[in-house]
Amino acid sequence: MSNTFFDSPSLLLTSESVTEGHPDKLCDQISDAVLDALLERDPDARVACEAAVNTGVVFVFGEVSTTAWVDLQDVVRQTIRDVGYDDSEVGFDWRTCGVLSSLKEQASDIARGVDAAIEARERGSEDVYDQIGAGDQGMMIGFACDETPDHIPLTLWLAHRLVQRLAALRKSGVLPYLRPDGKSQVTIEYEYGVPKRLEAVVVSTQHDPDVRIEQLREDMRKLVIEHVCPDDLLAGLEEDKIFVNPTGRFVSGGPASDAGLTGRKIIVDTYGGIARHGGGAFSGKDPTKVDRSASYAARHVARNIVGAGLAARIEVQVSYAIGVAQPTSVAIETFGTGKLPDADLVRLIDEHFDLRPAAIIDRFDLRRPIYQQTAAYGHFGRPLLDLPWEQLDTVDALRQSAGLDG
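Residues numbered from 1 in each chain as written. Predicted model: local features only at pLDDT ≥ 70, side-chain atom pairs only at ≥ 80, totals over all residues. Heavy atoms only, no water.

Peer 1: Even after reading the chapter, I still don't get the sheet that holds strand E12 (residues 313-320), so can you show me in this structure?
Peer 2: Either a parallel or an antiparallel arrangement is found when strands of a sheet pair, and the pairing is made through backbone hydrogen bonds. Read from one edge to the other, the open sheet built from three strands follows the order E7-E12-E13, with strand pairing classed as antiparallel. Single-partner strands in this sheet number two, and they are strand E7 (138-145) and strand E13 (329-333). Direction aside, the axes of adjacent strands within the sheet are offset by 15° on average. As paired strands, E7 and E12 are joined by eight bridges and run antiparallel to one another. Following the sheet pairing, alanine 144 is matched in E12 by isoleucine 314. (Pairing = 2+ DSSP bridges. Helix = DSSP H or I, 4+ residues; strand = E, 2+ residues; numbered from the N terminus. Axes fitted to C-alpha atoms, helices over the stretch in contact; angles between N-to-C directions.)

Peer 1: I would appreciate a short explanation of a nonpolar patch on the surface in the present structure.
Peer 2: Where nonpolar side chains cluster on the molecular surface, the patch consists of Phe59, Phe61, Leu100 and Leu261 and spans about 320 Å² of accessible area. Along the chain, leucine 261 falls in strand E11 (residues 260-261). Overall, leucine 261 belongs to the partly exposed group, its relative accessible area being 33%. (Patch = residues over 30% accessible without salt bridge, like charges linked within 9 Å, V, L, I, M, F, W, Y side chains within 5 Å. Areas by Shrake-Rupley, 256 points an atom, 1.4 Å probe, with all protein chains shown as cover. Salt bridge = Lys/Arg side-chain N within 4 Å of Asp/Glu carboxyl O. Buried < 20%, exposed > 50% of the residue type's maximum accessible area, 1.4 Å probe, protein only.)

Peer 1: How should I be thinking about helix H11 (residues 357-364) in this particular structure?
Peer 2: What sets the pattern is the α-helix's 3.6 residues per turn: residues three or four places apart point alike. Where burial is concerned, most of H11 is hidden: six out of the eight residues are buried. Taken together, the buried positions of H11 are Pro357, Ala358, Ala359, Ile360, Ile361 and Phe364. Packed against the buried residues of H11 are helix H9 (290-307) and E12. With its phi angle positive at about 50°, aspartate 365 sits one or two positions after the end of H11. (Contact = heavy atoms within 4.5 Å.)

Next up, the structure:
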């Protein structure tokens, strides 16, 4: 991307998002609701909770090691109710759906690597942050850019806000014909790396059967698209590039129309396809799983570097070996925007950010029930949620170390 993004006079980039009623997102919320319920009672719980939904039924399965007990039926049903599935005519009913579960303990061979990292088991380290090993191998990605105040790509920033607006209009009763399922998609033309205009906008929303498609499209245009998208970008959007329910009908939705599964919207969860993705999903996993905690830490690194003015755009990759505390690698890509050489930025990361799992958990206080709120509309760029990994708390220290003060 460094050879095309800022060098291209015309480049189209696209991101999508989905509402909380999308079947896959419903599963993410169920998984994180179970996680939160367990962490509330047992902060040291080890949780890898998956969910699947289909017509009239929810499956909850995975590995859980905990001293706590939760009413799984109640947690699942309340989550479904809060999303808005309260009638089988809508596609799901929290009162009458079946809830099946199959949960077992975390495998002992995995647990031993988390309980005592190789640094403690084999090398005798007494450092408190060397005591916990990574819960799995893998590479995690953090990204930030200066396109939006929240340091996420503009395409995704708009896509999230379109579906959030759908949910707000539905829940407030302003558009009572809306149903919980829905999607958005935003394509923006960039000119030498700067957003120039909207190329296309897609909004698809589930609705009651008696609403006229003409009325729905007018409402979506005026109350959703024009409400969310900036006027300067809208000015270049051609009428035939606005797609609202392009099939003409979206009555059947949710689990009755499409099976759902935890972790199947990982690009919606992260950076909208604008940055790479490590591959691991977040929802349903306790913070010893670096799929989640290290992705949050990498985002924290990236956002603080952009916030400090050390780069306008940065992608941070961190990799781990199972049962090992120290990352196996840290690498960055600044797309030609770095104010310092990459090697110097990596040195600053090593100086200011401890990326061992136990250090990440401690820095962000991750053994607490804060996760269900992230399970729809993205894990990053959420200023109203006060997420600890979104804090710009290292900006001054980075600038001072880089010699950029003043």
